[in-house]
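# A closer look at the structure
Now for the letters of each chain:
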Amino acid sequence: MFWQKDIETINRRNLESLQLKRLQQTVSRAYKNIPFYTDKFLEIHMKPKDIISLRDIRKLPFTSREDLRANYPFGLLAVDKEQVVRLHTSSGTTGKPKAIFFSKKDINQAAELIARCLVMTGTTKGDVLQNMMTYGLFTGALVMHYGAEKVGVLVIPAGPGNTQRQIALMQDFKSTALHITPSYALYLASVMHNEGLDPRRDLSLRRAYLGSEPYSEETRSKIENYFGIDVYNSYGLSEMNGPGVAFECIEKNGMHLWEDNFILEIIDPETGETVPEGEKGELVLTTLCREAMPILRYRTRDIVTIMPGKCRCGRTHRRISRIIGRSDDMIIIRGVNIFPQQIEQVLMGIKAVAQNYQIVLEAYDQMTVRVEISKDLFDGRVEHLVSLRNEITEKLRSEILVRPKVELLEPGTLPVSEGKSTRVIDKRTL
Ligand SMILES: [Zn+2]
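Reference entry: report on the structure contained in this document. Every value quoted in this text rests on a predicted model; they were computed, and no experiment measured them.

Each value, and the rule that gives it
- Residues numbered from 1 in each chain as written.
- Predicted model: local features only at pLDDT ≥ 70, side-chain atom pairs only at ≥ 80, totals over all residues.
- Heavy atoms only, no water.
- Donors = N, O, S within 2.8 Å, 3.2 Å for Na, K, Ca; no water.
- Tetrahedral: all angles 85-135°; square planar, octahedral: opposite > 155°, others 65-115°.
- Helix = DSSP H or I, 4+ residues; strand = E, 2+ residues; numbered from the N terminus.
- Buried < 20%, exposed > 50% of the residue type's maximum accessible area, 1.4 Å probe, protein only.
- Axes fitted to C-alpha atoms, helices over the stretch in contact; angles between N-to-C directions.
- Parallel < 35°, antiparallel > 145°, perpendicular 65-115°, else oblique.
- Left-handed = near helix turned anticlockwise from the far one by under 90°.
- Contact = heavy atoms within 4.5 Å.
- Pairing = 2+ DSSP bridges.
- Core = buried A, V, L, I, M, F, W, Y, C linked by side-chain atoms within 4.5 Å.
- Phe/Tyr/Trp six-rings, centres within 6.5 Å; stacked < 30°, edge-to-face > 60°.
- Salt bridge = Lys/Arg side-chain N within 4 Å of Asp/Glu carboxyl O.
- Expected span 1.5 Å × (residues − 1).
- Arc of directions from axis to C-beta.

Coordination of the zinc ion by the protein is provided by Cys-249 (SG), His-256 (NE2), Cys-311 (SG) and Cys-313 (SG), with metal-donor distances spanning 2.1 to 2.3 Å. One can describe the site at the zinc ion as tetrahedral: its four donor atoms subtend angles covering 103 to 117° at the metal. Taken in sequence order, the residues that donate to the zinc ion follow the motif C-x6-H-x54-C-x1-C. With His-256 in strand β9 (residues 255-257) and Cys-311 in the loop between β12 (298-304) and β13 (319-320), this pair connects stretches of sequence that are 55 residues apart. The exposure class of His-256 is buried, given its relative accessible area of 0%. Of the residues examined, Cys-311 reaches a relative accessible area of 9% and is grouped as buried.

On to the packing of helix α5 (residues 104-120) against helix α6 (residues 139-151), then. The geometry of α5 relative to α6 is characterised by a closest axis approach of 7 Å and an angle of 70° between their N-to-C directions. For the element pair α5 / α6, the angle class is roughly perpendicular. α5 and α6 meet at a crossing whose hand is right-handed. Residues Ile-107, Asn-108, Ala-110, Ala-111, Glu-112, Ile-114, Ala-115, Leu-118 and Val-119 of α5 pack against Val-143, Met-144, Tyr-146, Gly-147, Ala-148, Lys-150 and Val-151 of α6.

Whether parallel or antiparallel, the strands of a sheet pair through hydrogen bonds between backbone atoms. Read across the open sheet, the four strands follow the order β10-β11-β12-β14; overall the sheet is antiparallel. Edge positions in the sheet fall to β10 (262-267) and β14 (325-326), since each has one partner strand and no second. For strand β11 (residues 281-287) and β12, the ladder comprises four bridges, and the chain directions are antiparallel. Directly across from Leu-285, in β12, lies its bridge partner Tyr-298.

Counting 71 residues, the largest nonpolar core has Leu-257, Leu-283, Leu-285 and Ile-320 as its most contacted members. The dominant element in this core, judged by the number of residues it contributes, is α5, at nine residues. Residues in contact with Leu-285, not counting those within four places in the same chain, are Leu-237, Met-240, Val-245, Leu-257, Phe-262, Ile-263, Leu-264, Ile-295, Leu-296, Arg-297, Tyr-298 and Thr-300. Membership of the second largest hydrophobic core comes to 22 residues, among which are Ile-333, Ile-343, Val-346 and Val-369.

So, on to the packing of aromatic side chains. What the rule picks out here adds up to seven aromatic pairs. Measuring from centroid to centroid gives 5.5 Å for Tyr-31 and Phe-41, while their planes differ by 55°, and the two rings are tilted. Taken together, the residues span a long stretch of sequence, with Tyr-31 in helix α2 (residues 12-33) and Phe-41 in helix α3 (residues 35-43) at a distance of ten residues. Here Tyr-31 matches Phe-41 in class, with each residue buried. Taking the centre distance of 5.4 Å and the plane angle of 50° together, the rings of Tyr-209 and Phe-247 count as tilted. Taken together, the positions of Tyr-209 in strand β6 (residues 207-210) and Phe-247 in strand β8 (residues 242-248) put the pair 38 residues apart, joining distant regions of the chain.

What follows covers the pattern of salt bridges. If you walk through the whole model with that rule in mind, you get 33 salt bridges. Across the salt bridge formed by Arg-220 and Glu-217, the nearest N and O atoms sit 3.0 Å from each other. Placement of the pair is Arg-220 and Glu-217 together in helix α10 (residues 217-227), with a separation of three residues, close to one helical turn. Residues joined in a network through salt bridges with shared partners are Arg-12, Glu-16, Glu-259, Glu-277 and Arg-318.

What follows covers unusual backbone geometry. In this model, Tyr-72 is joined to Pro-73 through a cis peptide bond whose omega is 0°. Relative to the assigned elements, Pro-73 resides in the loop between α4 (65-70) and β1 (84-90). Positive phi, normally seen in glycine, also occurs at Asn-162, with a value near 50°. On the secondary structure map, Asn-162 appears in the loop between β4 (154-156) and α7 (163-172). A positive phi angle is found at Lys-252, which is not glycine, with a value near 50°. By the element assignment, Lys-252 lies in the loop between β8 and β9. Look at Lys-252 and you get partly exposed, because its relative accessible area is 23%.

So, about helix α12 (residues 382-400). In this model α12 runs 27 Å from its N-terminal to its C-terminal C-alpha over 19 residues, within 8% of the 27 Å that 1.5 Å per residue would give. Restricting attention to buried positions, one finds in α12 the residues Leu-388, Ile-392, Thr-393, Leu-396 and Ile-400. Across the axial projection of α12, the buried residues extend over an arc of 135°, all falling on one side. Those residues of α12 that are buried are in contact with β16 (336-338), α11 (340-348), β17 (353-362), β18 (366-373) and β19 (405-409). At the exit of α12 stands Leu-401, carrying a positive phi of roughly 70°.

Right, dumping it as C-alpha cells:
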C-alpha cells in the first residue's frame, strides 16, 4: 500500500543526497528572497555556498515562533504576493498569529504528503472520509481534505460539533474513516453509547486519524475498542503545512516523517546542540519543498525521540515517537531534563491514582510529586499506602531518571487545575 513507492522506500544514501540538493536550493532562495534570513546570515558571516554537507545544517540559524510573529504578516514570503493562493494562520495562546502562505505548488505538495499517509494506512479510492476538524484559518481540515481528494476518497467536510448530524452523516453515507480530535472521538463515543447505538453494528467505520491534541496509548485503545476500528496517530503543525508531516503506518509504532520534504533534527532545548540519536529532545524541522515560505531550522517546541531500527512496512523515512512534552514545560532537576507529561503518563498508568497531581520543586533540586489516589482504593491501610508509594516512586524513577519524593493524598485535596502549567510549583530560588 504505497502512494509513491519509489520515494517512500528510497534508500538512505539517495534520500540524503536528495535532501542535500534541496537544502542547498532552499537556503539559497531564503537568503536571496527573505530579508530576515539575509540579515541572519550576515550576522553569522555565512553564505549559502557554505552548505556542503547535510551536517552543515547545524551552522544555520534557528527560526522560532517569535520570528514568525515578528515578521507578520508578509515578512517571510519568498515569492511575490501574486504567487500565493492560500493563507492559514496559527494562533498561539498569546500575541499575534503566525501567517502561513501556500503557493499552488505548496498546496499540491501538502496534498501529496497526505495522500501518502492515507494510502499507507489502507484508505484508498472508494473510502468515505468524514472530516471533523475545523475548516478555516486552521490548517487541520483543509490540508487533509485536499490530500484525501487526491487519493479519490469521497470527503465529507463535516467540521466539528453538531453530534447528531455527524451520526446521521456517518450512517447515511457509510463513512469508513474519520479525521477527528481524540477528545471529540471520546465525546462522540459517549453520545452514541447513551443513545443505544453500537458503532460496530450501526456504522461502517474502519479507521480514524487522530490529531491536533496529544493523547495516550490508553486513549487510542479505548477509541479503537469502542468503535471497532484502527486509530492512527498523526503529526503536523501549520508552520510546516499542517497535518501530514509525520504519520503512522499500519505497524502503529512511531510516525514516519517525510524526510524528502523536511530535514529533522533533535536538539537539547537548553543548549541547541544535537542530541545522540535515540535520546529525547526538541524536534527541529527545515522545509525542503516549500515555495512560498521556506523555513530553516524551525523550533517546534515538541519533544520527541527517533525510533530505532527499520520499519517492517519497508518505508525508509525515519519515525518519530509520540510527543513526549513541550520544551516550554521542561524542568531541569540535577541536570536531567524532565517533562511534566512524562510524570503524568506514569501516574495515569497506575490504577490506584486519581486524575489530580502536583509537582513541587524545592531548594537543592528536590522534587516532590503529590498524588491523589482514587476513592475506591483509599482504604487507609498503611501497608497498602507504603507499597503504592514505593511502586509510584520506582516507576517515576525509571521514566525520568531522578528519584522524586512521592506524597499520597486523599481524593479532593489538591485544587482542581486546568492546563499543565499550574501542575508545577517551582519554589527554587536562583
Ligand atoms: Zn512503517
